[in-house]
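# Understanding the architecture of this molecule
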Amino acid sequence: MPGLRTGTELVPALGEGETQSAKDFSSDQEVRWCPGCGDYAVLKAVQSFLPDLGLRRENIVFISGIGCSSRFPYYLDTYGMHSIHGRATAIASGLAIAREDLSTWVVTGDGDALSIGGNHLIHALRRNVNMTILLFNNRIYGLTKGQYSPTSEAGKITKSTPMGSVDHPFNPVSLALGAEATFVARTVDSDRKHLTAVLAAAAAHRGTSLVEIYQNCPIFNDGAFDDLKGADTKADAIIPLEHGQPIRFGVEGSKGLVRDTATGGVKVVEVGDGAGQTPVGELLVHDAHADDPTTAFAISRLTDAGVLHQSPIGIFRQVSRPTYDDQARAQVVTASEAVTGDASDRLASLIGGGDTWTVV
């Protein structure tokens, strides 16, 4: 947005005349995912996109947790850490606070981020730490061989739920909007153009950016997103979100979204001038910059929780709010400037001053 600091503003840029290519961001490690895994497409997109940032590689860091997606840092020639289960956002938060000169990224999966890492994720979102979170959602635990995950549909039959899961799944976008995240988006592994555009917007955003990426697991959950990718079905399945544009989808824009006065949410209608149809002028215009996340949340609820036949795709919310790390660093500066005396005097004052008590 005009006049606002960007997510990479404090990160050292390349010198004049310096250039980068996707090869510069490709490590010498053998990529070890199953054949056909959607992670390959996301990796290639990220490697091709990073040169566009124009940042020094030593000032870019990728932190991951545990899971198939969390092997990501091995395959990028940047700094990185393959950390522990569910804690990638916590580690990345500390790094972003301590090092304002880094472009900090988190790569995580639906199990890693939303199960054991659930609390770390929502608190990073509400704090608005300056980092970009890529949440790969294949709706299954792939690394541990096919157990149901927090995003698997109810009734999912897996090795751990042979009679079908009785859990109700998370909608990651709804969760992020409920935590009042300042940037929330969703994209698909196989749509390189859309994925790259969303990554660019997420990296430019100052604050926590959450990008959910629908990613196919061909071994344990193949076909979970077929309707969103099929040539004959994707027009009716994908609800594209573009800021400032009426929300239309379907073949030749035959469907659209309007407010549902009965529920306070939104609903799908047929578009046209005939009986029972809704004119284009009455369709909901997408406003990703609205301060109130209510409408964005309502749109996110159009994602069906079963085998996906319909899902909004794009940037749901993109607003400005002070970041946790900028404010924390400002407090340290203010406190430091208020201190007088040399180091030894300050240490003695800290140890001997303030509230004291006697233990008897």
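Attention here is on the structure that accompanies the text. Fair warning: this is a prediction, and the values are worked out from it, not measured in the lab.

## Examining the sheet that holds strand β4 (residues 131–137)
- The strand order across the open sheet formed by eight strands is β2-β1-β3-β4-β6-β5-β11-β7, and the pairing between neighbours is mixed. Edge positions in the sheet fall to β2 (79–82) and β7 (238–241), since each of these pairs with one other strand and no more. Averaged over all adjacent pairs, the angle separating strand axes in this sheet is 20°, with direction ignored.
- Direction of pairing for strand β1 (residues 60–64) relative to strand β3 (residues 103–109): parallel, over a ladder of five bridges. Of the residues in β3, the one forming a bridge with F62 is W105.
- Lying over the sheet, helix α4 (residues 118–127) contacts β4 and β6 (208–214), oriented at roughly 130° with respect to β6.

## A few points about the sheet that holds strand β8 (residues 248–249)
- Sheet architecture is open: three strands sit in the order β8-β9-β10, paired in antiparallel fashion. Each edge of the sheet is formed by a strand with only one pairing partner; in this case those strands are β8 and β10 (266–270).
- Looking at chain direction, β8 and strand β9 (residues 255–259) are connected through two bridges and run antiparallel. Across the sheet, residue F249 finds its bridge partner in β9, namely K255.

## Remarks on a nonpolar patch on the surface
- Together, L347, L350 and I351 make up a nonpolar patch on the protein surface, roughly 360 Å² of accessible area in all.
- Here L347 lies in helix α11 (residues 343–352).
- Relative accessible area serves as the criterion here: at 48%, L347 is assigned to the partly exposed category.

## Focus on the packing of aromatic side chains
- Throughout the structure, instances matching the rule amount to eight aromatic pairs.
- Here the aromatic cluster, defined as three or more aromatic residues joined through ring pairs, consists of W33, Y40, F49, F62, F72, Y75, W105 and F136.
- For R127, the ring lying beneath its charged end belongs to Y324, and the centroid distance is 5.8 Å.

## Side note on the pairing of β9
- What sits between β8 and β9 in their antiparallel hairpin is a turn of five residues, with G250 showing a positive phi close to 85°.
- Where β9 lies against β10, five bridges are found, and the strand directions are antiparallel. By the bridge assignment, L257 is partnered in β10 with V268.
- In sequence, β9 turns back onto β10 through a hairpin of six residues, with G264 there showing a positive phi of about 85°.

## Describing helix α6 (residues 192–204)
- Across its 13 residues, α6 extends 18 Å between first and last C-alpha, which sits within 8% of the 18 Å expected from 1.5 Å per residue.
- Every buried residue of α6 is listed here: L195, V198, L199, A201, A202 and A203.
- The inward-facing, buried residues of α6 contact α1 (39–53), β3, β4, β5 (183–188), β6 and β11 (311–318).

What counts, and where the lines are drawn
- Residues numbered from 1 in each chain as written.
- Predicted model: local features only at pLDDT ≥ 70, side-chain atom pairs only at ≥ 80, totals over all residues.
- Heavy atoms only, no water.
- Pairing = 2+ DSSP bridges.
- Helix = DSSP H or I, 4+ residues; strand = E, 2+ residues; numbered from the N terminus.
- Axes fitted to C-alpha atoms, helices over the stretch in contact; angles between N-to-C directions.
- Contact = heavy atoms within 4.5 Å.
- Patch = residues over 30% accessible without salt bridge, like charges linked within 9 Å, V, L, I, M, F, W, Y side chains within 5 Å.
- Areas by Shrake-Rupley, 256 points an atom, 1.4 Å probe, with all protein chains shown as cover.
- Salt bridge = Lys/Arg side-chain N within 4 Å of Asp/Glu carboxyl O.
- Buried < 20%, exposed > 50% of the residue type's maximum accessible area, 1.4 Å probe, protein only.
- Phe/Tyr/Trp six-rings, centres within 6.5 Å; stacked < 30°, edge-to-face > 60°.
- Lys NZ or Arg CZ within 6 Å of the ring centre and 35° of its normal.
- Expected span 1.5 Å × (residues − 1).

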